[in-house]
Amino acid sequence: MLKRLTGVACGLLLSLLTSIAAAEVVVVVSADNALDSLSRAQLSDLYLGRSVSLPNGESLTPIDQSDRSPAHEQFYQEYLGRSPAQIKSHWSRLIFTGRGQPPRSVSDSQAVADVVSDDRTAIGYIDSNQVPVDNTLRVLDIE
Amino acid sequence: MVITKWMASRGTRCAAFAMLTTAIAAALLASTPVAAASSRLNLDGFGTLGIVHSDEDQADFVSSLLAPEGVGHSGDWSAKVDTKLGLQLSADLAPRTSGVLQFVMEQQHDGTYNPAVEWANISFDITRNLQLRVGRMVLPTYMTSEYRKVGYATPSSRPPPEVYHLVPVTNTDGLSLSYRARFGQATNTLQVLYGSKDANVPEDQIEVTVDAENGITLANTLEWGATTLFASYTNIRLTVDAFDGLFEGYRAFGPPGEAIADRYHIDDERFEVMSIGTRYDPGDWFVMAEWARNRSRTLVGDNRGWYITGGYRLGALTPYLTLADREVFSETSHPGIDAPQAQPLNALLNEALNDAARQGRVAAGIRWDFARSVALKVQFDHIDLGADSEGVLANDQPGFERGGTMTLFSTTLDFVF
């Protein structure tokens, strides 16, 4: 019995570790959106509240994840090269001008997938190991 | 102390703007129920709990020239220098129209902590890139004017006084137009602002008022990836009533006295402020620098200051270093009038001229982002006061020795919510 419990615990721990190690944050838009890539600079500008005009003349509304979600830290660190604290600092420079509010934030990757798949002007990021990318979403190449 | 160091401020509000402020507040509050449903109303806050130690007990280091009390003479330790709290309500009032109301509680010119209306304005997007703003708004003299009170957004314990004391006033009542343009990957914002401001200054026992009229500010910010470039120019008409008695006294001496009064009196005189700044922040490290100058043909003269701050991020820790300097480029003395009866006037004139700050400063500190939305900063400042100068200090006592060195040790806890 004890051995079995230990086995289960080890298995859980192992799967947890592998899921952390394999967490892969990808940037997604709705499958209805024709966009298939963005430059890193454009992605940064979008998530830092600067206007970005896309070649097709359309605009994108960034969707964020709560800073309690592990994907939040990973996204900002990996794609923008900034820590969550730096992002918070950045927004506190804009919020108190009355000139900008951070992107709308939802709880986790699943919530981002739900919002983005329903809105062709939305862009978000998800942990593709937690939320499989189905045919309602398109993963963008970030160059 | 130091009326000459400075230029304008908050305090007395003219009636029209008091009414406008009230109207904007009412509009924002009235929008609450709608906003709750559509989440268009935002309540944000910022604050700092800070304590500073000074080893100079004959003068005060103050957060602003509008603050009557600082650290040093008023006490070895002080929580009054950096501690403050700000609350901001912003809302979309109608399509393309939004309002902002910000209150700040900090040490006022009269020593109280009564909440003051820092901003109360309504903005209207004329086009996607052109915005009109009316009401009380930030005076964009410096690169970090918009968040100079938000400690969490500032790399060091407080904005460098060598630059930020040149214009201690932070807001103005008026209107502004800003135009935003995108060039490739760069965003440029050009703002033109017209406004006026009255203020009260702590000046020992007497009430001093400062009146800044017909102010025009041009400010331009260019953001390109990790780089920000800023430049601004302000031109106002400044009146300070503190020296009326002095100059009336001089005028009684005939043409030579009148010449002195005309040269130095701050009575509806042109007062200019120019500043440039840059910040580069690729993520792992940052560097920022600003240079600013105020200039007028008055007692205030021609003052210039600069600083450079750089830091390196090691996880949650960011050690940083600041170098700063402040100099005066106008005369700090005048022979006055060669008559025995004029000696008291000459003494007062020379004291006022020599109030111009000269100092160099090196600061080393570390910021620790130890929890979400909270940062702790510890900073050590070594200030080298210029020859025969009290630097940016205030409340100097008879025992104060000009031109020495001093150290400050600051601990601040900054938060946003």
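Bear in mind that the values here come from a model prediction, so they are computed numbers and not experimental data.

Caption draft 1: A look at the overall build of chain B. Along chain B, the regular secondary structure elements total 6 helices and 19 strands. Here chain B holds 417 residues, and the buried ones make up 48% of them. Of the contacts made within chain B by residues no fewer than 6 positions apart, 61% connect residues no fewer than 24 positions apart.

Caption draft 2: Broad picture of the interface of chain A and chain B. Listed as interface residues are 17 residues of chain A and, on the opposing side, 24 residues of chain B. Examining the composition of the side of chain A that touches chain B, we find that 6 residues originate from one element, helix α4 (residues 84–95) of chain A, more than from any other. Residues that form the side of chain A that touches chain B fall into these classes: 4 nonpolar, 8 polar and 5 charged.

Caption draft 3: Broad picture of the pairing of strand β14 (residues 285–296) of chain B. Residue and element names in this part refer to chain B. Pairing between strand β13 (residues 269–280) and β14: 10 bridges, direction antiparallel. Across the sheet, the residue bridging to Met-274 is Arg-293, located in β14. Joining the antiparallel neighbours β13 and β14 is a turn of 4 residues, in which Gly-283 adopts a positive phi near 125°. With 11 bridges joining them, β14 and strand β15 (residues 302–312) adopt antiparallel strand pairing. Residue pairing for β15: Arg-293 is matched across the bridge by Arg-304. Remark: 5 residues form the turn of the hairpin made by β14 and β15, two consecutive strands paired antiparallel; Gly-301 in that turn has positive phi of roughly 75°.

Caption draft 4: Broad picture of the nonpolar core. With 62 residues, the main nonpolar core has Phe61(B), Trp119(B), Val163(B), Leu238(B), Phe243(B), Ile266(B) and Leu299(B) as its most contacted residues. Top contributing element to this core by residue count: strand β12 (residues 227–240) of chain B, with 4 residues. Counting residues in hydrophobic clusters, the runner-up holds 24 residues, among them Val29(A), Tyr47(A), Ala71(A) and Leu137(A).

Caption draft 5: Broad picture of the packing of helix α4 (residues 244–251) of chain B against helix α6 (residues 343–353) of chain B. Residues and elements named next belong to chain B. At a minimum axis distance of 10 Å, the contact between α4 and α6 shows a crossing angle of 135°. Considering their axes alone, α4 and α6 lie oblique with respect to each other. For α4 against α6, the interelement crossing comes out left-handed. Between α4 and α6, the residues in contact are Leu-246, Gly-249 and Tyr-250 and Leu-345, Leu-348 and Leu-349, respectively. Residue classes in the contact of α4 with α6 are distributed as 5 nonpolar, 1 polar and no charged.

Rules of the game
- Numbering of residues starts from 1 in every chain and runs along the sequence as written.
- Chains carry letters from A onward and ligands carry numbers from 1 onward, assigned in written order.
- The predicted nature of this model means local features are confined to residues of pLDDT at least 70 and side-chain atom pairs, given and counted, to a pLDDT of 80 or more, with totals for whole chains, interfaces and linings taken over all residues.
- Going along the chain from the N terminus, every DSSP run of H or I of four or more residues is numbered as a helix, and every run of E of two or more is numbered as a strand.
- As a rule, residues whose C-beta atom has 12 or fewer other C-beta atoms within 10 Å are exposed, those with 20 or more are buried, and those in between are partly exposed; C-beta atoms are placed from the backbone.
- Contact definition: two residues whose C-beta atoms, as placed from backbone geometry, lie within 7 Å.
- Gly counts as polar in this scheme, as do all residues outside two lists: the nonpolar Ala, Val, Leu, Ile, Met, Phe, Trp, Tyr, Cys and Pro, and the charged Asp, Glu, Lys and Arg.
- When DSSP locates at least two bridges between a pair of strands, those strands are taken to pair.
- A set of buried Ala, Val, Leu, Ile, Met, Phe, Trp, Tyr and Cys residues, joined through C-beta atoms within 7 Å, is what we mean by a nonpolar core.
- Each axis is a line fitted through C-alpha atoms, taken for helices only over the stretch in contact, and angles between the N-to-C directions span 0 to 180 degrees.
- Relative orientations are named as follows: roughly parallel for angles under 35 degrees, roughly antiparallel for angles over 145 degrees, roughly perpendicular for angles from 65 to 115 degrees, and oblique for any other angle.
- Left-handed describes a crossing whose near helix is turned anticlockwise from the far helix through less than a right angle; right-handed describes the clockwise counterpart.

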